[in-house]
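Fold and geometry: a report
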Amino acid sequence: MPDAFGHHHPNYDPAKLSETVCAANRWIDAGVRFYTGVPDADSSPMWHAYWTRRLTVMRRAGIVVTSRRLRYRIEQIRLPDGATHDVPVQREKGIDLRLGLDVVRMARIGDLDVAVIFSQDQDLAEVAREVRDISRIRDLWLKVVSAFPYGPNASTNRGLDRTDWFRMDREFYSFCLDPRDYRPRR
């Protein structure tokens, strides 16, 4: 998300993003959940320290945090000269599934009316279909919203299929920055 607006590390404030999206739509912000993969200290000491600090601050602020250790798989790449090189590739495993299960569970038990998902991962479009089914079966008003960066440098200008879209421009995003820098000092 931050790279769409020229930032090179995740410098957004999840609580501020949620609060601001809800305020713009006159919804009550009933809580924030944050889902991410965290690299191993051995593989990426700087990012491991960054996320450890950042997630601790989020938890202290009342954000429900779900993190998983990133998994690594070796992939072979072909170099321009024809040689091959093995490189470790990070993969988040189980984060999207956990997020989706949490949204469906909260919709099913009545813990939400609107789920705002800050993602463009189309796998999460299935969540919207499930929530719509719960809404129909239980005769409830439920909505899933995909909030995403929008502008000339965004990787895509689409939200999740089957959701309402909330486009965040540079000005909106800039209002929701976290002034703290969690990167370790060099």
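Given the structure is predicted, the values throughout are model-derived calculations rather than measurements. Here the residue numbers are simple positions, counted from 1 along each chain's written sequence. Residue-level local features of this predicted model are given only where pLDDT is at least 70; pairs of side-chain atoms are given and counted only at 80 or more, and the full residue set underlies all totals for whole chains, interfaces and linings. Values reported for side chains reflect all heavy atoms of the structure, with hydrogen atoms and water molecules removed beforehand.

With that settled, the discussion passes to the environment of Arg-129. Helix and strand assignments follow DSSP, with helices taken as H or I runs no shorter than four residues and strands as E runs no shorter than two, numbered in order from the N terminus. Among the structural elements, Arg-129 can be located in helix 4 (residues 125-138). Owing to a relative accessible area of 37%, Arg-129 belongs among the partly exposed residues under this scheme. Taking C-alpha positions, Arg-129 is 29 Å from Asn-153, a pair spaced 24 residues apart along the chain. The classification of residues rests on relative accessible area computed with a 1.4 Å probe and restricted to protein chains. Under 20% of the type maximum is buried, over 50% is exposed, and intermediate values are partly exposed.

Reading across from one edge, 5-6-7 is the order of the 3 strands in this open sheet, with parallel pairing throughout. With partners counted over all chains shown, the strands left at the sheet margins are strand 5 (114-117) and strand 7 (164-168), one partner each. Neighbour-to-neighbour, the strand axes of the sheet open up by a mean angle of 25 degrees, direction not taken into account. At least two DSSP bridges between two strands are required for those strands to pair. Bridge count for strand 6 (residues 143-149) against strand 7 is 5 bridges, and the pairing is parallel. Along strand 7, the bridge assignment pairs Phe-148 with Arg-167. All axes here are fitted lines through C-alpha atoms, helices being fitted over the stretch that makes contact, and every angle between N-to-C directions spans 0 to 180 degrees.

On to the packing of aromatic side chains, then. Ring pairs are drawn from Phe, Tyr and Trp, using the six-membered ring of Trp, whenever the two centres fall within 6.5 Å, and their geometry is named by plane angle: stacked under 30 degrees, edge-to-face over 60, tilted for the rest. Per the stated rule, a full pass over the model turns up 8 aromatic pairs. Each ring, one from Phe-5 and one from Tyr-173, has its centre 5.1 Å from the other, and the planes form 35 degrees; the classification is tilted. Here Phe-5, found in the segment before helix 1 (14-25), pairs with Tyr-173, found in helix 5 (residues 170-175); they are 168 residues apart in sequence, far enough to count as distant. Like Tyr-173, Phe-5 is buried. We count a charge as sitting over a ring when the NZ of a lysine or the CZ of an arginine lies within 6 Å of the ring centre and within 35 degrees of the ring normal. In this structure, Arg-167 packs its charged tip against the face of Tyr-150, placed 5.1 Å from the ring centre.

Here the focus is the nonpolar core. Phe-34, Trp-51, Leu-55, Phe-166 and Phe-172 are the most contacted members of the largest nonpolar core, which totals 23 residues. Looking at this core, the elements that each hand over two or more residues are helix 1, strand 1 (33-38), helix 2 (45-60), strand 6, strand 7 and helix 5. Broken down by element, the residue count for this core peaks at 4 residues, all from helix 2. We call two residues in contact whenever any of their non-hydrogen atoms come within 4.5 Å of each other. The contacts of Phe-166, once residues within four sequence positions are left out, are Val-21, Ala-24, Asn-25, Val-145, Ser-146, Ala-147, Phe-148 and Phe-172. Counting residues in hydrophobic clusters, the runner-up holds 17 residues, among them Tyr-35, Ala-107, Ile-117 and Leu-160. Think of a nonpolar core as a cluster: buried Ala, Val, Leu, Ile, Met, Phe, Trp, Tyr and Cys residues, connected wherever their side-chain atoms sit within 4.5 Å.

So, on to the side chain of Asp-178. The residue Asp-178 is located in the segment after helix 5 in this model. On the basis of relative accessibility, which here comes to 8%, the residue Asp-178 falls in the buried class. At 3.0 Å, the side chain of Asp-178 forms a polar contact with the backbone nitrogen of Arg-180. Two N or O atoms form a polar contact when they lie within 3.5 Å of each other; inside protein one atom must be a possible hydrogen donor and the other a possible acceptor, and for residues adjacent in sequence the pair counts only when both atoms belong to side chains. Of the polar contacts made by the side chain of Asp-178, one reaches the side chain of Tyr-182; its length is 2.7 Å. Residues within four places of Asp-178 in sequence aside, it is in contact with Asn-11, Tyr-12, Asp-13 and Arg-54.

By themselves, these are just geometric observations and shouldn't be taken as functional.
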